[in-house]
Amino acid sequence: MLLALAIWLITIVTVVLFAGQFWWFPESASSHGESVDRQFVYTLLVTGLVFVLSQVALGYFVLRYRQRPGQKALYHHGNNKMEIAWTLAATVLFYVMVIAGQGIWYDMYIEAAPQDALRIEVTGQQFAWNIRYAGPDGEFGPVRPELINDSAGNPLGLDLQNPAAQDDIVVPTMAVPINRPVELLLRSKDVTHAFSVRELRIKQDTVPGIIIPLRFTATRTGRFEISCAELCGMGHHRMRSFIEVLSEEDYASWLVEQSEY
Ligand SMILES: [Cu+2]
């Protein structure tokens, strides 16, 4: 009987914690952020309802079939119709949720970046983020793995003989102008990391050997943390940086400052 009460109590506490939104997301700072939040709430409502119903039923069965004197346990081989029914129901539910979220996914990953999009390359490595801007020529210079030299300040292996690489700006922190579409090109030098900015509602793995493009538009100025959201080694906890969302003018002068440095 106590177990049933404990199950119900845990269910109530869980619902209160989610419904009260005591620990919730920070205010969104990207154009797709609100859609992500809406999708999150839909998903939470659906899964929350299933959670509450199943926990209430679990407590009920624990109570109903608790041990009673002289009662014998019976073997039951299961019910195929029920198995098929709830597997189908779960499948339909998941497909509906996936389809409902496709629009956001499409905007961030599939749709081509607009012409005026700012392209920024992000390369994760144990345990830092390297942010690269193409510089005045608008072109990323070639990188060659054999030129990688962290202590000499060339963490990406930029081929500095090449004119396209000479004006590239590689910095440890990021800045973007507000309301301008940004296309990130996510890379990794060693293991799998994850580029995560809570306010922008972005979390994307960076995978060695492939470049993953991701689009967003920042809609609120501020300074937000970039964290690595994939356990990537002993120093994972200190793999963090910052992104500043600036006005166009501030961004322009920030970029000039970075290239001088
Ligand atoms: Cu990492």
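What counts and how
Along each chain, residue indices are assigned from 1 in the same order as the chain's sequence is written. Where totals are concerned, whole chains, interfaces and linings use all residues; where local detail is concerned, this predicted model gives features only for residues with pLDDT of at least 70, and gives and counts side-chain atom pairs only at 80 or more. Side-chain measures here rest on the full set of heavy atoms in the structure, leaving out hydrogens and waters. Under the pairing criterion, centres of Phe, Tyr and Trp rings, with the six-membered ring standing for Trp, must be within 6.5 Å; the plane angle then separates stacked pairs below 30 degrees from edge-to-face pairs above 60, leaving the rest tilted. What counts as a helix is a DSSP run of H or I of at least four residues, what counts as a strand is a run of E of at least two, and both are numbered from the N terminus. Each residue is placed in one exposure class: buried if its accessible area under a 1.4 Å probe, protein chains only, is under 20% of its type's maximum, exposed if it is over 50%, and partly exposed if it falls in between. Our definition puts a charge over a ring when NZ of Lys or CZ of Arg is within 6 Å of the ring centre and also within 35 degrees of the ring normal. Each metal's donors comprise the N, O and S atoms found within 2.8 Å of it (within 3.2 Å for Na, K or Ca). Water is not part of the atom list, so some coordination spheres may appear incomplete. Take the buried residues of types Ala, Val, Leu, Ile, Met, Phe, Trp, Tyr and Cys, join any two whose side-chain atoms come within 4.5 Å, and each joined set is a nonpolar core. Residue ranges assigned to each domain were obtained from an automatic or database domain assignment. In this analysis, two residues are considered to be in contact whenever any of their non-hydrogen atoms come within 4.5 Å of each other. Helices are assigned an expected span. That span is 1.5 Å times one less than the residue count. Along the arc lie the directions from the helix axis toward the C-beta atoms. The criterion for strand pairing is that DSSP finds at least two bridges linking the strands in question. Axis definition: a line fitted to C-alpha atoms, limited for helices to the stretch in contact. Angles are taken between N-to-C directions and run from 0 to 180 degrees. A pair is scored as a salt bridge if a Lys or Arg side-chain nitrogen falls within 4 Å of a carboxyl oxygen belonging to Asp or Glu. As used here, buried area is the combined drop in accessible area, with a 1.4 Å probe, of two parts when they are placed together.

Our next topic: the packing of aromatic side chains. Enumeration over the complete set of coordinates arrives at ten aromatic pairs. A ring pair is formed by phenylalanine 25 and phenylalanine 40, whose centres lie 4.9 Å apart and whose planes are at 80 degrees; its orientation type is edge-to-face. Highlighted residues: phenylalanine 25 in the loop between helix 1 (2–19) and helix 2 (33–64) and phenylalanine 40 in helix 2, separated in sequence by 15 residues. Take phenylalanine 25: its relative accessible area is 35%, and that puts it in the partly exposed class. Between tryptophan 129 and phenylalanine 195, the ring centres sit 5.5 Å apart and the planes meet at 85 degrees, which makes this aromatic pair edge-to-face. With tryptophan 129 in strand 2 (residues 128–133) and phenylalanine 195 in strand 6 (residues 193–197), this residue pair connects regions lying 66 residues apart in the sequence. Taken together, the ring pairs connect Trp24, Phe25 and Phe40 into an aromatic cluster. The ring of tyrosine 65 carries the charged tip of arginine 64 above its face, separated from the ring centre by 5.1 Å.

Next up on the list: the coordination of the copper ion. Distances from the copper ion to its protein donors, namely His193 (ND1), Cys228 (SG), Cys232 (SG) and Met239 (SD), fall within the range 2.1 to 2.4 Å. Given a relative accessible area of 6%, cysteine 232 falls into the buried group. Given a relative accessible area of 1%, methionine 239 falls into the buried group.

A word on the nonpolar core. Membership of the largest hydrophobic core comes to 36 residues, with the highest contact counts inside it found for Tyr133, Met174 and Phe195. Taken domain by domain, this core gets at least three of its residues from each of domain 1 (2–65 + 81–108) and domain 2 (115–260). In this structure, phenylalanine 195 is in contact with Val122, Trp129, Met174, Leu184, Leu186, Ile202, Lys203, Gln204, Thr206, Ile226 and Ser227, ignoring residues within four places of it in sequence.

A few words on helix 1. Taking 1.5 Å of rise per residue, the 18 residues of helix 1 would be expected to cover 26 Å, and the 25 Å separating its terminal C-alpha atoms lies within 8% of that figure. Every buried residue of helix 1 is accounted for by Ala4, Ile7 and Thr11. Projected onto a plane normal to the axis of helix 1, the buried residues spread over an arc of 65 degrees and lie on a single side. Opposite the buried face of helix 1, at more than 90 degrees from it, the exposed residues are Leu2, Leu9, Ile10 and Ile12.

Turning next to the sheet that holds strand 4 (residues 174–177). Strand order across the open sheet formed by five strands is 4-10-9-6-7, with mixed pairing between neighbours. Each edge of the open sheet is held by one strand with a lone partner, namely strand 4 and strand 7 (202–206). Neighbouring strand axes in the sheet, compared pairwise and without regard to direction, differ in orientation by 20 degrees on average. As judged from the six bridges shared by strand 9 (residues 222–228) and strand 10 (residues 240–246), these two strands associate in the antiparallel manner. Across the sheet, glycine 222 pairs through a bridge with valine 245, a residue of strand 10. In this fold helix 6 (residues 248–260) packs onto strand 4 and strand 10, with an angle of close to 145 degrees to the strand it touches most, strand 4.

A word on the pattern of salt bridges. For the coordinates displayed, the defined rule picks out 13 salt bridges. The closest approach of N and O atoms between arginine 180 and glutamate 248, which form a salt bridge, is 3.1 Å. Of this pair, arginine 180 sits in the loop between strand 4 and strand 5 (181–188) while glutamate 248 sits in helix 6, and the two are 68 residues apart along the sequence. Classification of glutamate 248 by relative accessible area gives partly exposed; the value is 34%. Taking the shortest distance from any N to any O, the salt bridge between glutamate 183 and arginine 215 comes out at 2.8 Å. Of this pair, glutamate 183 sits in strand 5 while arginine 215 sits in strand 8 (residues 212–217); the two residues are 32 residues apart in sequence, bridging distant segments of the chain. Of the two residues, glutamate 183 and arginine 215, both sit in the buried class. What you see here is one network of salt bridges that share partners, running through Glu121, Arg132, Asp168 and Arg187.

Under the domain assignment used here, the protein contains domain 1 (2–65 + 81–108) and domain 2 (115–260). Here the C-alpha centre of domain 2 lies 35 Å away from the C-alpha centre of domain 1. Listed by partner, the interface residues are 13 residues for domain 1 and 14 residues for domain 2. Both sides of the domain 1 and domain 2 interface together cover about 1100 Å² of buried area, and 47% of this is carbon and sulfur. The largest contributions to the domain 1 side of the interface with domain 2 come from Pro26, Ala29 and Met108, which together make up 49% of the buried area. The tally of links between domain 1 and domain 2 comes to two salt bridges. Mapped onto the side of domain 1 that touches domain 2, the elements with two or more residues apiece are helix 2 and helix 4 (102–110).

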